[in-house]
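Structure at a glance
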Amino acid sequence: GPLAHPIAQTGLDKLPDEHAVNAWLKGRLGVWVQPKVDGVAVTLVYRQGQLQQVISRGDGQTGQDWSHAARSVSAIPRQLAQPVDAVLQGELYERLPGHIQATAGSLNARSTVAGLMARHALNPEQGTGIGLFIWDWPDGPPSQAERLQQLAALGFTDSLLYSQPIEHFDHARHWREQWFNNPLPFASDGVVLRQSQRPDARRWQAKPPHWAAAWKYPHAQARSEVRKVTFAIGRTGRITPMLTLKPVRLDDRQIKHISVGSLRRWQA
């Protein structure tokens, strides 16, 4: 979309395993962990406490103007409790009371919300079915603890409820397992590790930062039958084996075809 974010949305690098998480945490102070909510990212712009704009993430620099549809979402306050100027970054999610990620998967929750926000208007039921999790206040107070307390005072209580300070790897692993295996009001696909201190928001770029990273949940797995093998040949002569499967549900997707990657891998 053509609408510029006042502060870039950075995205996140994914830490692949426990060793990488340990390495990332080494030497860092003031680290917090939050669920990585599986929804659609937005920027909210408030002036003197009044909602001015809601912008979809897009490419992190520009996005679509979702302001009109956002006014039907009850979780997005049109007037804050205090007359502050604030740029907030967060996730719009499908409300899923009692959702357990380990057993229920993502349930296509992200696509559901994206489809609703692309509409010009939502009906009241659709508007109340969307929640909001603010995961950052780029131009807010200097420490994470202060940001969370003030966000709660402004009405964004989920941010405080689902953020935990951690001192070492075992704390991070505990909360990852806790949120994966126990009920949450939204789908989530991992946890986010976030330093309390970070650079001035005017220096943020639309690329993964050094002060935050994601640690995804274990991969969903499924077993199916191979019904057919075909070999796609590209313009350069590269051969890619493709497997046609008996359709199988994997998390929130139905899988019918997969690529083996390369002929060498197929031969192996």
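Described below are features of the structure shown in this document. Every value quoted in this text rests on a predicted model; they were computed, and no experiment measured them.

A few words on the side chain of S159. Position of S159 among the secondary structure elements: in helix α7 (residues 157–161). Given a relative accessible area of 1%, S159 falls into the buried group. One polar contact links the side chain of S159 to the main-chain carbonyl oxygen of I134, over a distance of 2.6 Å. With near-sequence residues (within four places) excluded, S159 lies in contact with F133, I134, L148 and L151.

A word on the environment of R119. Checked against the element boundaries, R119 lands in the loop between α4 (109–117) and α5 (124–128). Of the residues examined, R119 reaches a relative accessible area of 43% and is grouped as partly exposed. Spatially, the C-alpha atoms of R119 and A69 are 6.7 Å apart, while their sequence positions differ by 50 residues. If we skip the residues at most four places from it in the chain, R119 touches A69 and Q126.

Definitions and cut-offs
Residues numbered from 1 in each chain as written. Predicted model: local features only at pLDDT ≥ 70, side-chain atom pairs only at ≥ 80, totals over all residues. Heavy atoms only, no water. Helix = DSSP H or I, 4+ residues; strand = E, 2+ residues; numbered from the N terminus. Buried < 20%, exposed > 50% of the residue type's maximum accessible area, 1.4 Å probe, protein only. Polar contact = N/O pair within 3.5 Å; in protein donor to acceptor, adjacent residues only side chain to side chain. Contact = heavy atoms within 4.5 Å.

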